[in-house]
Amino acid sequence: MAVRIIKKSWWVDFRVNYTRHRKRSPENSRTGALAYEATLRQKLARGESIESVANEAKRAQTFEQFSRKWFEDYVVPNNKYSEQRTKKCLLNASLIPFFGKMQIAQITAHSTERYKAYAAKEGVTNKTIKNRLTVLNKCLMTAHEWGDMETPPPKIKWPKCAPSRTDYLSSEECELLMSHADGVIYEMIFTALRTGMRQGELKGLQWSSIDWQNQSFVVRHSRCDYAKTLVPPKSNRERHIPLDVDVYEMLHKRKKSTGYVFIDTDKEPFDDKRLNRRLTTLCKKAGLRKITWHILRHTFASHLAMKGVPMTTVQQLMGHSNITTTMRYAHVAPSTLRTAIDMLNPKSLLKADFGQPVGNQWLEL
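This structure is a prediction, so every number in the text was calculated from the model and none was measured. (Residues numbered from 1 in each chain as written. Predicted model: local features only at pLDDT ≥ 70, side-chain atom pairs only at ≥ 80, totals over all residues. Heavy atoms only, no water.)

Draft legend 1. Seen up close, the environment of I50. Within the fold, I50 resides in the loop between α1 (30-45) and α2 (52-59). We classify I50 as buried; its relative accessible area is 7%. In contact with I50, other than residues within four places in its own chain, are H21, K23, L40, K43 and L44. (Helix = DSSP H or I, 4+ residues; strand = E, 2+ residues; numbered from the N terminus. Buried < 20%, exposed > 50% of the residue type's maximum accessible area, 1.4 Å probe, protein only. Contact = heavy atoms within 4.5 Å.)

So, in structure tokens, the structure goes:
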């Protein structure tokens, strides 16, 4: 018997009379694949075609039917719980109501343009439309990979989105915020400003993840509020962040061997609601605008960029999988663009010592 698993799906793969037959099993299990192979071999032995029935069934699949299968067989095994909830919400609230009755093979580029026009009339922002189409695109790509679509999915023309503004705190605002904080919230804010850790990573930080000898954090956990458990950090990648001497001394005073580093007064780990409520109250006391915990992460990266830290180093500390994400902080970095423009201005040149006589410089306009 020739059955094997490919990308978490069971396939049958065998030859009869020098002809190879490779098909995905309708039942995603080894037993189901073996039974499917036996059925196919019997049909071939009787001289029957094994293509027509399977192809007709696949072509007749609606988007709703396939998306349900895609969610259970692909999204659940490969995505974090929070991502599963987001995709399920997008499918049920927007994609299935529009594309649900269409056969997946009949979803074209025109179909996606019609959806963009429909969503825009409903007042949906381009950013949200793009997020929805990203889920649709991944679903259709999987259908093609699994053999449920004979042709590649339609090429989607992504809506243009205005670049998002990156907010961060100035040094004075950081000091003002810290002056009104105390207790464990002070420690969490201070740690966020000195390490750039995500909110979930702060909530899930374990004492066992602190390397006291090398003075560094090992970010290997994030706490999921929905599942109320520890999950891998974003991008499923562990990273190391050197410990600032002040953070080291602050945490070393209450050093433990196991458990959560940051817990509330009731000895329970924090969740998003608790932390957001505490930070909002703190901002009101300090007279600051309302900020989120993610703004503290932006602040960490922005201040590194302002001090001339290379973007690749910022990327590693932030745990970004793509340098493009890190480049949002490049606008606050010391720029060679200003130096280049100043090279054309005689007034700027006179301020610098270039080792050349003034007569060799451009004349003032």
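Draft legend 2. Geometry of the packing of aromatic side chains. Taken as a whole and judged by the stated rule, the model has 12 aromatic pairs. Between F98 and F99 the ring centres are 4.8 Å apart and the planes differ by 70 degrees, which places this aromatic pair in the edge-to-face class. Both residues of the pair, F98 and F99, belong to the buried class. Through successive ring pairs, a cluster of aromatic residues spans F63, F98, F99, Y115 and Y118. Looking at R24, its charged tip hangs above the ring of W146, at a distance of 4.1 Å from the centre. Just above the ring of Y226 sits the side chain of R85; from NZ or CZ to the centre is 4.0 Å. (Phe/Tyr/Trp six-rings, centres within 6.5 Å; stacked < 30°, edge-to-face > 60°. Lys NZ or Arg CZ within 6 Å of the ring centre and 35° of its normal.)

Draft legend 3. Focus on α1. Its 16 residues give α1 an end-to-end C-alpha distance of 23 Å, which sits within 8% of 22 Å, the value for a rise of 1.5 Å per residue. Every buried residue belonging to α1 is among G32, A33, Y36, E37 and L40, and all of these are buried. Taken end-on, α1 shows its buried residues confined to a sector of 135 degrees, consistent with a single buried face. Counted as exposed and oriented over 90 degrees from the buried face of α1: T31 and A45. One or two residues past the end of α1 sits G47, with phi positive at roughly 80 degrees. (Expected span 1.5 Å × (residues − 1). Arc of directions from axis to C-beta.)

Draft legend 4. Structural context of the sheet that holds strand β1 (residues 3-6). The antiparallel open sheet is built from three strands, whose spatial order is β1-β2-β3. Each having just a single partner strand, β1 and β3 (19-24) make up the two edges of the open sheet. Mean inter-strand twist for the sheet, computed between neighbouring axes without regard to direction, equals 30 degrees. Here β1 pairs with strand β2 (residues 9-16) via four bridges, running antiparallel. Bridge pairing in β2 links R4 to W11. Strands in contact with α1 are β1, β2 and β3; relative to β2, the strand with the most contacts, it is inclined by about 30 degrees. (Pairing = 2+ DSSP bridges. Axes fitted to C-alpha atoms, helices over the stretch in contact; angles between N-to-C directions.)

Draft legend 5. Region of the structure containing the nonpolar core. Counting residues in each nonpolar core, the largest one holds 49 residues, and the members touching the most others are L177, I189, F217, L251 and L296. Among the elements of the structure, α7 (171-179), α8 (183-195), β5 (216-219), α10 (245-252), α11 (272-286), α12 (293-306) and α13 (311-318) are those that each provide at least two residues to this core. Considering each element in turn, this core owes the most residues, seven residues, to α12. Other than its neighbours up to four places away in sequence, I189 contacts L177, M178, A181, L279, L282, W293 and L296. Formed by 27 residues, the second largest nonpolar core is a distinct cluster that contains I107, V135, L136 and W146. (Core = buried A, V, L, I, M, F, W, Y, C linked by side-chain atoms within 4.5 Å.)

Draft legend 6. Geometry of the pattern of salt bridges. The tally for this structure, following the rule as stated, stands at 19 salt bridges. Linking R4 and D13 is a salt bridge whose minimum nitrogen-to-oxygen distance equals 2.9 Å. Residue classification places D13 among the buried positions, given a relative accessible area of 13%. Residues D73 and R24 are paired through a salt bridge, measuring 3.7 Å at the closest nitrogen-oxygen approach. (Salt bridge = Lys/Arg side-chain N within 4 Å of Asp/Glu carboxyl O.)

Draft legend 7. Representation of the sheet that holds strand β4 (residues 210-211) in the model. Strand order in this open sheet of three strands is β4-β5-β8, and the pairing throughout is antiparallel. With partners counted over all chains shown, the strands left at the sheet margins are β4 and β8 (239-242), one partner each. Here β4 pairs with β5 via two bridges, running antiparallel. Across the sheet, I210 pairs through a bridge with F217, a residue of β5.

Draft legend 8. Summary view of helix α4 (residues 81-99). Bending of α4 peaks at approximately 45 degrees at the position of L91. Residues Q84, K87, L90, L91, S94, L95, I96, F98 and F99 constitute the buried set of α4. Buried-residue contacts for α4 involve α3 (63-78), α5 (109-121) and α6 (126-145). (Bend = angle between axes of the 7 residues up to and from the residue.)

Draft legend 9. Geometry of the packing of α12 against α13. Closest axis-to-axis distance for the α12/α13 pair is 10 Å, and the angle between their directions is 155 degrees. Comparing their axes, α13 and α12 come out roughly antiparallel. As for how α12 packs across α13, the hand of that crossing is right-handed. Touching R297, F300, A301, L304 and A305 of α12 are M311, V314, L317 and M318, all from α13. (Parallel < 35°, antiparallel > 145°, perpendicular 65-115°, else oblique. Left-handed = near helix turned anticlockwise from the far one by under 90°.)

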